[in-house]
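# Structural features, examined
Each chain is listed here by its residues.
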Amino acid sequence: MSHPTTTTTTPPIAIIGAGPCGLTLARLLERTRVPYVAFERDASLSLSPSANGNHNNKGGTLDIHAGTGQAALDADRPEIDRRQLRGLLLDSVPAGRVRWGKALRAVGRADSAGVVLRFADGSSETGFRLIVGADGAWSKVRPLLTSAKPHHSGKTSIKGRLTPSNPQYAAARELAGAGTATAMGAGRLLVVQQMGDRTYRIYAGFEERKEKEKEKEGTAGSLLAKIDFAADAEASRAALLDLFADWAPHLRAFIEAAEGPWRVWPLYTFSPEVFSSKADGDADGDGNGDEKKTWTRAPGVALLGDAAHLGLPNGEGVNIAMVDALRLFECLSAELGFRREHEDEDENGEPRSGPKRAILDARADAAAVERAIVAYETPMRERAREHVEDGIATNDMIYHSPLELARG
């Protein structure tokens, strides 16, 4: 269980975002007794509002892979609900380390205070030696390092759900069991996925570019422009059923029975060129420079997960985000001599002699922190490019392949 922690001084490390990657870093820092604080926009774990106002609706079931997510988690948890993963990680850090209801509005620099964090509630925080942006796709920390922004891929997913009392629940259980069933191709996608609470999440995905092509032909309009999915559940259902009109009846039945409110999930991604070796001023190699794709170093600032490399869904997003946290921690440890709790003992279980190293308590540490960030960021950008490229290729395959059914 978590126990409250209070501090009288500003901790040296600020983590923006208490999602899986931010909490993975917090967990690692906690095990080495390094002071930190995490700022999270949600009011609490149980109140995580989505864009349309409904709660507990962030993400689905996650595959935590060996060698990446499991290595960062230091546990064998191959499949877990996103909310369960978040709760598991929260249980490993003291409650006082996470400040809830702190939505970051902007990040700036002050001559005397370094980086200033300005929150939506009007408060501000300064004095940190390291600020880690783990604040997702629309990161407020990212502009310190790059002006690059994700772009809409043309693909959108609409989410509904099936509860155990739903007449279509048995069919979902037969089709997907405790896992996931996916029907894909011809520009559309239907996913039935069991969640940790035994409900099923229904995802109906489509390529909006294809819808715009139909609009030019006079056969359809832009679905998202015509329908308010958050407010009009039945009109939304009718529009989706029209979109999937030529699909098999047993698959359309999941849309017919899905419970609202629907949630719209536009799929955004970075371009791979943002992370190329030429991205420091000239991403496309034309010699003119590309301001939108330029990366710079901001002393004492690093990015993790979607804040650094938002890509399209490919089953690796949370894994690469958690690896980011692990690799940053390892780079900091190499430069600053962090020791995990068990490393304070020798091979016989006796306390090691000599004083423990003071953590980030001197100006001299600033250079070490910067070396650690550079050591982390160089391979991270290569992982990021591969992740983004794979997401684009995976989704092209999903949406452009002949219609087929897959189970997992």
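Residues numbered from 1 in each chain as written. Predicted model: local features only at pLDDT ≥ 70, side-chain atom pairs only at ≥ 80, totals over all residues. Heavy atoms only, no water.

## What about the packing of aromatic side chains?
According to the stated counting rule, one finds eight aromatic pairs in the structure shown. Judged by centre distance (4.9 Å) and plane angle (45°), the rings of Phe39 and Phe119 are tilted. Residue Phe39 is located in strand E2 (residues 36–39), and its partner Phe119 is located in strand E7 (residues 114–119); the two are separated by 80 residues in the primary sequence. When its relative accessible area of 1% is taken as the criterion, Phe119 is described as buried. On the basis of an interplanar angle of 80° and a centroid distance of 5.7 Å, the ring pair of Phe270 and Phe275 is categorised as edge-to-face. Across the pair, Phe275 and Phe270 agree in class, each one buried. (Phe/Tyr/Trp six-rings, centres within 6.5 Å; stacked < 30°, edge-to-face > 60°. Helix = DSSP H or I, 4+ residues; strand = E, 2+ residues; numbered from the N terminus. Buried < 20%, exposed > 50% of the residue type's maximum accessible area, 1.4 Å probe, protein only.)

## Looking at the nonpolar core
Counting residues in each nonpolar core, the largest one holds 68 residues, and the members touching the most others are Ile15, Leu25, Leu29, Leu117 and Leu304. By residue number, the principal contributor to this core is helix H10 (residues 317–336), which donates ten residues. Not counting residues up to four positions away in its chain, the partners in contact with Leu29 are Ile13, Ile15, Val34, Tyr36, Phe329 and Phe338. Counting 27 residues, the second largest nonpolar core, distinct from the first, contains Leu162, Ala176, Leu241 and Leu251. (Core = buried A, V, L, I, M, F, W, Y, C linked by side-chain atoms within 4.5 Å. Contact = heavy atoms within 4.5 Å.)

## As for the sheet that holds strand E1 (residues 13–16)
Read from one edge to the other, the open sheet built from five strands follows the order E5-E2-E1-E9-E15, with strand pairing classed as parallel. The open sheet has two free edges, formed respectively by strand E5 (98–99) and strand E15 (301–303), since each of these has just one partner strand. Pairing analysis gives four bridges linking E1 to E2, with the strands arranged parallel. Along E2, the bridge assignment pairs Ile13 with Tyr36. On the sheet, helix H1 (residues 20–31) packs against E1, E2, E5 and strand E9 (130–133) and is oriented at approximately 155° with respect to E1. (Pairing = 2+ DSSP bridges. Axes fitted to C-alpha atoms, helices over the stretch in contact; angles between N-to-C directions.)

## Focus: the packing of helix H7 (residues 233–243) against helix H8 (residues 249–257)
Packed helix pairs are characterised by how far apart their axes lie and by the angle those axes make with each other. Where H7 meets H8, the closest approach of the two axes is 9 Å, and the angle between their N-to-C directions is 165°. One element, H7, and the other, H8, form an angle in the roughly antiparallel class. Crossing geometry of H7 relative to H8 is assigned as right-handed. Between H7 and H8, the residues in contact are Arg237, Leu240 and Leu241 and Arg252, Ile255, Glu256 and Ala257, respectively. The class makeup of the residues in the contact of H7 with H8 is four nonpolar, no polar and three charged. (Parallel < 35°, antiparallel > 145°, perpendicular 65-115°, else oblique. Left-handed = near helix turned anticlockwise from the far one by under 90°. Nonpolar A, V, L, I, M, F, W, Y, C, P; charged D, E, K, R; others polar.)

Read these as layout, nothing more, since geometry by itself doesn't imply function.
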